[in-house]
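# Coordinate analysis (summary)
Here is how the chains run, residue by residue.
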Amino acid sequence: MIDFSSFHKLSYGLYIISTEFDGKKSGYAGNTGFQVTSNPATLAISCHKENYTCGIIQQSKKFSLSVLQKELDIAIIGDFGFKSSENTDKFAKYQWKKGVLGIPVVTDSCIAALECEVIQEVDCGSHILFIGAVKEAEKLSDKAPLTYEYYHEHYKMLAPKNAPTYIDPANLQSEEEKPAAEKTDDADMAEHICIICGYTYDPAVGEPSLGIPPGTAFEDLPEEFTCPICSAGKDYFKKV
Ligand SMILES: Cc1cc2nc3c(=O)[nH]c(=O)nc-3n(C[C@H](O)[C@H](O)[C@H](O)COP(=O)(O)O)c2cc1C
């Protein structure tokens, strides 16, 4: 038997993983990053094959891992964790620098940054485990790191399907473990807030940018509706 809620007892940090190849910068938010060995120093990241960044790392053979700080503006996770570098310049809004390996290193809201050269790729099915030799490591501040638990508890944010730690809500046993959107009652005209970025859908206003007219209840939005700010799906909305 697998009790999926036990996976929530595993602890992680949160990172921005970046790379660049042939002038194309790419990066994503990841909780799976850890030190594998100390001598030589190596790190591993688990990257979903559908992440745009995955293909770019396979070409560049390099990645940087920036450690996010505990107190931050969650927009950085909304941008790096819920959008694709294929059609978004995620680096335009945030501070970053060119690292010694010639790849972007995000410094915004980060307390340390490490740069790695990929020495091994392990195909894990949906994800690729990249093992990288650390070539540069810098502490940026003495602030506390963001943990995955704090991310869930304090910012009330979730992990999208590409995160290795994603759990299908249907597999969670207790009501508390289910995303808020699962617990909403019948259709009504209540506002709904995106728990990722804080955008509020107000049925009285609709969403003109998406052609949704005033008077459309949240429950009547099409299933493919996504947050106009961070692109999170309907499951990430909760009733205000
Ligand atoms: C909290 C959080 C943790 C995540 N952890 C991972 C991870 O460890 N590995 C992964 O491949 N994707 C992870 N993701 C998903 C990617 O950040 C997401 O798919 C992103 O949009 C990919 O960007 P890209 O297509 O520009 O590479 C996570 C997202 C969030 C919000």
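### Points about the overall build of the protein
A tally of regular secondary structure across the protein gives three helices and twelve strands. Per-residue burial over the protein gives 33% buried out of 240 residues. Once local pairs closer than 6 in sequence are excluded, the contacts in the protein between residues at least 24 apart make up 66%.

### A short note on the site of the ligand
With respect to spatial proximity, 25 residues lie near the ligand, and among them Gly30, Thr53, Gly81, Ser85 and Asn162 are the closest. A per-element tally of the shell around the ligand places strand S2 (residues 24–30) first, with four residues. Among the residues making up the shell around the ligand, the classes are represented as twelve nonpolar, twelve polar and one charged.

### Re the nonpolar core
Tyr15, Ile16, Ile17, Ile45, Phe63, Leu65 and Leu68 are the most contacted members of the largest nonpolar core, which totals 34 residues. Beyond its immediate stretch of four places on either side in the chain, tyrosine 15 contacts Gly30, Gly33, Leu65, Ser66, Val67 and Leu68.

### Description of the pairing of strand S9 (residues 127–139)
Moving residue by residue along a regular strand, the side chains alternate between the two faces of the sheet. Bridging between strand S4 (residues 41–48) and S9 involves seven bridges; their strand directions are antiparallel. Residue serine 46 lies in a different strand from S9, and its bridge partner there is leucine 129. As paired strands, strand S8 (residues 110–123) and S9 are joined by eleven bridges and run antiparallel to one another. The residue bridging glutamate 115 from the neighbouring strand is glutamate 136, located in S9. The antiparallel pairing of S8 with S9 creates a hairpin that spans three residues between the two strands, and glycine 125 there sits at a positive phi of about 90°.

### Topic: the environment of cysteine 124
Summarising the element assignment, cysteine 124 is placed in the loop between S8 and S9. In this structure the C-alpha to C-alpha distance between cysteine 124 and lysine 49, which are 75 residues apart in sequence, comes to 9.6 Å. With residues near it in sequence (within four places) discarded, cysteine 124 still touches Ser46 and Leu129.

### A word on the sheet that holds strand S10 (residues 192–194)
In any sheet, the strands associate via hydrogen bonds between backbone groups, in a parallel or an antiparallel arrangement. Pairing is antiparallel in the open sheet, where three strands are placed in the order S11-S10-S12. Unpaired on one side and paired on the other, strand S11 (200–201) and strand S12 (237–239) mark the two borders of the sheet. Relative to S12, S10 runs antiparallel, the two being bridged by three bridges. Residue pairing across strands places isoleucine 193 opposite lysine 238, the latter belonging to S12.

### So, unusual backbone geometry
Cis peptide bonds are those with omega within 30 degrees of zero, and the linkage from asparagine 39 to proline 40 qualifies with 0°. Relative to the assigned elements, proline 40 resides in the loop between strand S3 (33–38) and S4. Even without glycine at this site, lysine 61 takes up a positive phi of about 60°. Looking at where lysine 61 falls in the secondary structure, it is placed in the loop between helix H1 (52–60) and strand S5 (62–68). In this structure lysine 61 comes out as partly exposed when scored by C-beta crowding, with 16 C-beta atoms within 10 Å. Here the phi dihedral of serine 109 falls at roughly 60°; this positive angle occurs in a residue that is not glycine. With respect to the secondary-structure elements, serine 109 resides in the loop between strand S7 (104–106) and S8.

Thresholds applied
Residues numbered from 1 in each chain as written. Predicted model: local features only at pLDDT ≥ 70, side-chain atom pairs only at ≥ 80, totals over all residues. Helix = DSSP H or I, 4+ residues; strand = E, 2+ residues; numbered from the N terminus. Buried ≥ 20, exposed ≤ 12 C-beta atoms within 10 Å, placed from the backbone. Contact = placed C-beta atoms within 7 Å. Near = placed C-beta within 6 Å. Nonpolar A, V, L, I, M, F, W, Y, C, P; charged D, E, K, R; others polar. Core = buried A, V, L, I, M, F, W, Y, C linked by C-beta atoms within 7 Å. Pairing = 2+ DSSP bridges.

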